[in-house]
Amino acid sequence: MAQNQRRFNVTNHQIPIPTLHQSTTNSTGTDTGTSTRASKTASSSDLSILTRFHAGYFRISLALCSQALLWKTLAEPTTDARALSSIVRTIPSFAFILLWSIALLTLLLLCLLYLVRCFLRFRSVRAELAHHVGMNYLFAPWISFLMLLQATPFLQPDNRLYRILWCAFSVPIVVLDVKIYGQWFTQGKRFLSMVANPTSQITVIGNLVGAHVAAQMGWKESAVCMFSLGITHYLVLFVTLYQRFLGSDSLPAMLRPVFFLFIAAPSTASLAWDSISSSFDTGCKMLFFLSLFLFASLVSRPALFKRSMRRFSVAWWAYSFPLTILALAATEYAQDVKGVIPNVLMLVLSVLSVVVTLALMVFTALKTNDILPHDDPFVCYNIARGTST
Amino acid sequence: MEQTELQVEIPSVLKQTSCQNIKDFDYVDYGNGNNPNPLENAISDKESYGESIAGSKITKLELQEVVIISLPASPSGLHIGQTKLVLHSEKCENTDQNDTKNPYPQLAKQKKFHSQPILVRENGDRKVVHSEAIRDHRFDPFKTWSGRLERQISNLRGKPTQEPDIEAGASQREEIEEAPGVDRYFDALEGPELDTLRATEVSVLPEDEKWPFLLRFPVNAFGICLGVSSQAILWKTLNTSPAMSFLHISPMPNLILWWAALALILFVSFVYLLKIVFYFEAIKREYHHPVRVNFFFAPWIACMFMALAVPPSIAVNLRPFIWYILMTPIFILELKIYGQWMSGGQRRLSKVANPSNHLSIVGNFVGALLGANMGLKEGPIFFFAVGLAHYIVLFVTLYQRLPTNAALPKELHPVFFLFVAAPSVACMAWAKIQGDFDYAARIPYFIALFLYMSLAVRVNFFTGIRFSLAWWAYTFPMTGASIATIKYTMAVTNVVTRSLSVCLSAISTFTVSTLLVYTIVHAFVLRDLFPNDISIAITRKKPKFSKMLSHFRSSSADSKDFDSSISKNSEI
C-alpha cells in the first residue's frame, strides 16, 4: 500500500491522496498484498479513459464557455469599446455561433463521459467526492451551463425556456452548496481549515454566476440570495486561504495554475453585483480592483508556476477561465467609467484571454497523449473501499 | 632559538592546536617554506594591518606552536574575557580540529574572529596588533559587497589598502549572501518586536562593543517621522476644522511641526541612504526580519502624512503626480508582501502575523485618503479595496491569536496600539471618497474607538517595558484616532463629540511630548538611543552548543538585562 502511495505521489500529474485511508488498508492484512499486485499489473493501456477521467476536465468547458460569453459581451452594441468594437464587428456572427457550438459540444461530451463514469466507475466518483480538490469541480459543469445559457444567441433572458433552464442549472448548485458548505463547519474530517485550498473558490464562483444570470433575467430576490451565499463564504474562504494553516492539505505543484482562481472569484462577484445593482458602483469597483491586484500579484511571481509548466496537463486549462472573467469585468468597468485607461485595460485583458485560450487549444490538439493521466488518480481509494467492503 | 616551555594548566575548553592544520587561526609562519604564508592569508583581508605581519619578519624561527585562543568576540556565555594566551612550545601537536577552542566552528567560517596574537619573542620585537584594525573587518559581511565598496572608496581616497584574502572573503561571502530564513528569526529572537536574542543564541557580531553607527541605525527610526508628521496633521485639522473653531488654535503649531517633521524625514532618510550604500547586507537582513519588513512602508507613509499636513500657507492644492510617486513603492512592496502571505513558502500568515503588519495595511488607506484629497477618483478606490481585503484577513488572524502564531506578544505592549491605526485612517479615507461621513465610514470609526478604549484602560500594563525607537511608530495611531474623531465631530456636532475630540487630542499630544522627552534623554544623557541591533546579527544556523550557551548565559550576572547593560556601555 505504501508502495502504491509512493508511486502515485511521485507522478506529478496525480492528485495526491490523503493518507487517512492508510489505516483501513493496513488493517486488511492479506488483501493489501493482492491489491498491490493488482495495481502493479494495471498499466495505462489497461485503464480505460473512464477511469482516468475526472471532474477536473471540466476546466476545459469552463474556459470555452466563458470565452463564448466574452465574445458575446464584446460584440454587444452597448459595449463602448472603441478599439475592440471595430475588430469584433468585422468578425462574422457565424464565427461566434461556431465558438458557442464548440463550447456546447465539448460540455455535452464531458458531461456524457462523466455520467457514464458515474454508472460504471461509481467507486471512483465516490472517491472523487471525498477528495478536497475533486469535490469542488462538481460545480464546474453547472457553471459552464449557466455561462453558455447567458451566451446563447438563440434565447433572450425573458424567455420562458431561459428561466426553466436557469432553474435546472441552479438547483444542483444549491444542493451542492448545502452539502459542501455544511461539511465545512460540521464534519470533522472535512472542516474548512483542513480542506481549504484555492479550488474551493469554485463553489463561491458557482453561486455568484447563478446570481449574475438571475439578475439579468430580472429575478432580483433569487439573485441577491445566491449572491449573499457566495459572498459570505467567499469572505470566510479568503481569510482561510490567506492564513494557510500548517495542517491544511496542500496543493500539489502540478495544480498551481488553480491559484488563478483567486482572480476569478472577486471578478465574478463584481459582475454579479453589477447586474444586481444595475450600475458599476463603488462596491463593484472595489471587487474588480481587488482581482486586478491579485492578478498583478500572481503574474509577478512566475516562480510559483515553474514546476507546473514543465509538462502539459489539464491543469493548464485553469489559466483561461479566470483571465476571461477578469476581461469581462474590465469590459463592464470600461462601460461605466469611460476613459482611456479603462478601455486600454479592457483591450489588454481581452486580448490576453483570447490568446491564452487559443494557445491552450493548440497545445491540447498537439499533445493529446498528455491530456489524460497515465494512472487512475483515485485508485488508492478504490482499493481501500474494495478491500473494506 | 630558545624555546621556552610553559606549563600552563589548560582548561578543558582550551586545547592546543596544530598551527599547520587550521588555516583559520592565526599561526605564525616562521619561514618554513611549506606553509604558504598562512598568517598573511589569515590576516590579509584586514585593511590596515600592515604593521602586524609578524610572520614575514620571523623568518628564522622554527615552526612553533602558537596557542591562540580565538573565542567568539562576544564570549557572553563564556565570560572568560578577551584572553589572549600565547604559548610557545617545542613542537606542534596534531590535534583534532574539532577540539579547538572555538566551539562555534560555523562562526569561524562565517566571521573571521581572529584573535590578536601577542607574539612575545625573546629578541623582543613586540608586535601588538591594534584592536581597531581587526574590529573593522568583523563588520565586513554586513557591508555592501562584503566591504569591497569601502576598499574601493579608500583606494580612491589614496589610503593604503591590504590585498584582500580571496579565499577567506569568498567563503565569507557565501555564508552571508543569504539572509537567515524566517524560521531562524523566530527561533533566535523573542520579544514583541523580535529584537531580543534568546539565551541559546549568539550574535555574529560582538555584543559587548559599540558597532558602527550606521549598523545600529534601524529602519524603525522612520517611526519618529511618522509620529511627528501625524502630529502636524492633527494640529492642522484642529486649526482648519470649523467644528473645533471654539478652541481658536493658531496655524503656528502646524507650521512648526511640519518643518520639524520635514527636517526629521530628510535627516533619517539621508542616514538610512548612507546605510543602504555602505551596509547593504544589513539592509537585506532587516528586510527578511518578520517585524522590521513592515517598517519599510514607513518612509512613504511619512511622506504622505507630510503631504496631508502641508500648511495652507505653503501649498493648498498638491499635484497628483506626487501621489503616483509615493504610491508606486508602496504598491511594489505590497505585491511582494501580500504575495508572500498567499503563497510564499514559510511565511505563512498563520505563523508570521504580528501587529506590526498593520503598517503594511495602513499605507493603502493613507494613500486612499491623500488621493481623495487631491481629487483623484479611481486610484483611491483601488488602494482602499486592496487594503480592506487584506486588513480583514490580518484582523481576523490576529484576533484569533492562533497557537501557531509565534510572533504575538503574550503580554501587553505598545505595539498593540497599531490595531487602532487601520480603522481610523480607513474611516477618514472612505468619508473623503464618498464625500460625507456616512454609515460605512462610521462603522470603522467606532471599531477604532472601541479598540482605543480597550487599550487605554489597560495603560497600567504598559509600564516596565524597555523603551525603544519603535515606540514612535505606535503614537501615530493615537493621533489618527484623534483626527478621525475631529472629522466625526464635523459630521455630528455636539458636546460629547467635541469633548471627546479635545480629550483625545490632548492625550495624543501629551504622549508625543513625553516620548520626545524620553528620546532626548536616551539620546543625549543615557546615550543608548541606538543600541546594537542584535536582531540582524543572528546566525544562519543554530549554534551547535546552544545548550551550553544557555547554561553559561543563565549563570552569568544579569542575563536578562543583558541588552540594556550592553547598551549602557555603548555610545551613540
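Just so it is clear, the structure is predicted and the values come from calculations on it, not from any experiment.

Rules used throughout
Residues numbered from 1 in each chain as written. Chains lettered and ligands numbered in written order. Predicted model: local features only at pLDDT ≥ 70, side-chain atom pairs only at ≥ 80, totals over all residues. Heavy atoms only, no water. Helix = DSSP H or I, 4+ residues; strand = E, 2+ residues; numbered from the N terminus. Buried < 20%, exposed > 50% of the residue type's maximum accessible area, 1.4 Å probe, protein only. Areas by Shrake-Rupley, 256 points an atom, 1.4 Å probe, with all protein chains shown as cover. Contact = heavy atoms within 4.5 Å. Patch = residues over 30% accessible without salt bridge, like charges linked within 9 Å, V, L, I, M, F, W, Y side chains within 5 Å. Salt bridge = Lys/Arg side-chain N within 4 Å of Asp/Glu carboxyl O. Phe/Tyr/Trp six-rings, centres within 6.5 Å; stacked < 30°, edge-to-face > 60°. Lys NZ or Arg CZ within 6 Å of the ring centre and 35° of its normal. Axes fitted to C-alpha atoms, helices over the stretch in contact; angles between N-to-C directions. Left-handed = near helix turned anticlockwise from the far one by under 90°. Nonpolar A, V, L, I, M, F, W, Y, C, P; charged D, E, K, R; others polar. Expected span 1.5 Å × (residues − 1). Buried area = accessible area lost by both parts, 1.4 Å probe. Polar contact = N/O pair within 3.5 Å; in protein donor to acceptor, adjacent residues only side chain to side chain. pLDDT = per-residue confidence, 0-100. Core = buried A, V, L, I, M, F, W, Y, C linked by side-chain atoms within 4.5 Å. Parallel < 35°, antiparallel > 145°, perpendicular 65-115°, else oblique. Disulfide = S-S within 2.5 Å.

**Considering the overall build of chain A**
When helices and strands are tallied, chain A shows 19 helices and zero strands. Residues counted as buried form 58% of the 389 residues belonging to chain A. Roughly 15900 Å² of accessible area belongs to chain A as shown, and the carbon and sulfur atoms make up 67% of that amount.

**What to know about the overall build of chain B**
Within chain B one finds 22 helices and four strands. Put simply, chain B has 572 residues, and 56% of those count as buried. Within chain B, residue pairs in contact and separated by at least 24 positions form 81% of the contacts whose partners lie at least 6 positions apart. Element-wise, carbon and sulfur atoms account for 59% of the exposed surface of chain B, whose accessible area totals about 24700 Å².

**Topic: unusual backbone geometry**
A positive phi angle, close to 60 degrees, is found at S278(A), a residue other than glycine. Locating S278(A) in the fold gives a position in the loop between α14 (261-277) and α15 (282-299). Its identity is not glycine, yet H248(B) carries a phi of approximately 55 degrees, on the positive side. Its location among the elements puts H248(B) in the loop between α9 (222-240) and α10 (252-278).

**A closer look at the side chain of S267(A)**
Checked against the element boundaries, S267(A) lands in helix α14. When residues no more than four places from it in sequence are discounted, the contact partners of S267(A) are S291(A), I325(A), L326(A) and A329(A).

**Examining a nonpolar patch on the surface**
A contiguous nonpolar surface patch, about 660 Å² in accessible area, is contributed by L516(B), V517(B), I520(B), V521(B), F524(B), V525(B) and L526(B). The exposure class of L516(B) is partly exposed, given its relative accessible area of 44%.

**Notes on the packing of aromatic side chains**
Here the distance between the centres and the angle between the planes together describe a pair of aromatic rings. One pass over the structure, following the stated rule, counts 51 aromatic pairs over all chains. Directly above the ring of Y439(B) sits R442(B), whose terminal nitrogen or CZ lies 5.6 Å from the centroid.

**Concerning the environment of P242(B)**
Residues and elements named next belong to chain B. Following the sequence through the fold, P242 ends up in the loop between α9 and α10. What makes P242 exposed here is its relative accessible area of 58%. Taking the C-alpha atoms as reference, P242 lies 9.7 Å from T489; in sequence the two are 247 residues apart.

**Description of the packing of α9(B) against helix α20 (residues 495-525) of chain B**
Residue and element names in this part refer to chain B. One way to put it is that α9 packs onto α20 with a least axis distance of 11 Å and a crossing angle of 145 degrees. Our pair here, α9 against α20, has a crossing hand that is left-handed. Side by side, α9 and α20 meet where Q231, L234, W235 and L238 of the first sit next to S505, S508, T509 and V512 of the second. Per-class residue counts for the contact of α9 with α20 are four nonpolar, four polar and no charged.

**A short note on the pattern of salt bridges**
Residues and elements named next belong to chain B. This model, assessed by the stated rule, comprises five salt bridges over all chains. With a shortest N-O distance of 3.3 Å, E286 and K275 are connected by a salt bridge. Residue E286 is found in helix α11 (residues 280-288), and its partner K275 is found in helix α10; the two are separated by eleven residues along the sequence. Take E286: its relative accessible area is 0%, and that puts it in the buried class. Among the salt bridges present, the one from R292 reaches E286, with a minimum N-O distance of 2.8 Å. The pair formed by R292 and E286 is uniform in burial state, with each residue classed as buried. Residues joined in a network through salt bridges with shared partners are K275, E286 and R292.

**Describing helix α5 (residues 58-75) of chain A**
Residues separated by three or four positions in an α-helix point in the same direction, a consequence of the helix having 3.6 residues per turn. Relative to the 26 Å expected for 18 residues at 1.5 Å per residue, α5(A) spans 26 Å between its end C-alpha atoms, a close match to the ideal helical length. Across the 18 residues of α5(A), 15 count as buried, placing the element largely inside the fold.

**A closer look at the interface of chain B and chain A**
Listed as interface residues are 33 residues of chain B and, on the opposing side, 26 residues of chain A. Note on chain B versus chain A: buried area summed over both sides is about 2700 Å², and carbon and sulfur give 70% of it. Between the two partners, chain B and chain A, sit one salt bridge. Between chain B and chain A we count five residue pairs in polar contact (both at pLDDT 80 or more) in total. Elements that contribute at least two residues to the side of chain B that touches chain A include exactly α13 (320-343), α14 (349-352), α16 (378-400) and α17 (418-434) of chain B. If one sorts the elements of the side of chain B that touches chain A by residue count, α16(B) sits on top with 14 residues. Taken together, the residues of the side of chain B that touches chain A break down into 18 nonpolar, ten polar and five charged.

**Let's talk about the confidence of the model for chain A**
Residue and element names in this part refer to chain A. Averaged over all residues, the pLDDT of chain A equals 80, while 78% of them reach at least 70. Taken element by element, the predicted model of chain A shows its lowest mean pLDDT in helix α2 (residues 22-27) (36) and its highest in α14 (95). A low-confidence stretch, residues 1-46 stays under pLDDT 50, and its non-local contacts, those more than four residues away or across chains, total 62 contacts. This model gives residues 379-389 a pLDDT under 50, and the stretch forms 25 contacts once residues within four places in sequence are excluded.

**Let's talk about the nonpolar core**
By size, the foremost hydrophobic cluster in this structure holds 248 residues, and its most contacted members are M147(A), F288(A), F142(B) and L226(B). Top element by residues in this core is α17(B). It accounts for twelve residues. Discounting chain neighbours no more than four positions away, the residues touching L226(B) are A298(B), I301(B), A302(B), F305(B), L359(B), A473(B) and F476(B).

**Here we look at the packing of α5(A) against helix α9 (residues 140-151) of chain A**
Residues and elements named next belong to chain A. For the pair α5 and α9, interaxial distance at closest approach is 9 Å and the crossing angle is 20 degrees. Taken together, the axes of α5 and α9 are roughly parallel relative to one another. Considering the relative orientation of α5 and α9, their crossing is left-handed. On α9, the residues that touch F58, S61, L62, C65, S66, A68, L69 and K72 of α5 are A140, P141, I143, S144, M147, L148, Q150 and A151. The residue makeup of the contact of α5 with α9, split by class, is eleven nonpolar, four polar and one charged.

**Digging into the environment of H248(B)**
A relative accessible area of 69% places H248(B) in the exposed class. Considering only alpha carbons, one finds H248(B) and Q400(B), 152 residues apart in sequence, at a separation of 45 Å.

**Description of the side chain of N220(B)**
Residue and element names in this part refer to chain B. Checked against the element boundaries, N220 lands in the loop between α8 (213-216) and α9. Here R292 takes part through its side chain, which lies 3.5 Å from a polar atom of the side chain of N220. Once you skip the residues sitting within four places of it in the chain, N220 turns out to touch R292, F295, L469 and A470.

**Brief notes about the state of the cysteines**
Residue and element names in this part refer to chain B. Scanning the entire structure with this criterion turns up zero disulfides over all chains. Between C303, a cysteine without a disulfide, and C225, which holds the nearest cysteine sulfur, the sulfur-to-sulfur distance is 8.4 Å. By relative accessible area, which is 27% here, C303 ends up partly exposed.

**Details of the environment of L215(B)**
Residues and elements named next belong to chain B. For L215, the location among the structural elements is in helix α8. Residue L215 is classed as buried on the basis of its relative accessible area, which comes to 0%. Expressed as a C-alpha distance, the spacing of L215 and F530, which sit 315 residues apart in the sequence, is 9.5 Å.

**Examining the confidence of the model for chain B**
All names here are of chain B. For chain B, per-residue confidence averages 73 on the pLDDT scale, and residues scoring 70 or more make up 62% of the total. Note that pLDDT drops below 50 for residues 117-135; the model gives that stretch 34 contacts with residues more than four away or on any other chain. Segment residues 161-175 is flagged for pLDDT under 50; beyond a separation of four residues in sequence, or across chains, it makes 30 contacts in the model. Among the scores for the predicted complex, ipTM is 0.77 and pTM is 0.73.

**Considerations on α20(B)**
Residue and element names in this part refer to chain B. The end-to-end C-alpha distance of α20, which contains 31 residues, comes to 44 Å, matching closely the 45 Å that a straight helix rising 1.5 Å per residue would cover. For α20, the N-terminal capping position is held by N494, with its side-chain oxygen 3.0 Å away from the main-chain nitrogen of V496. One or two residues past the end of α20 sits R527, with phi positive at roughly 55 degrees.

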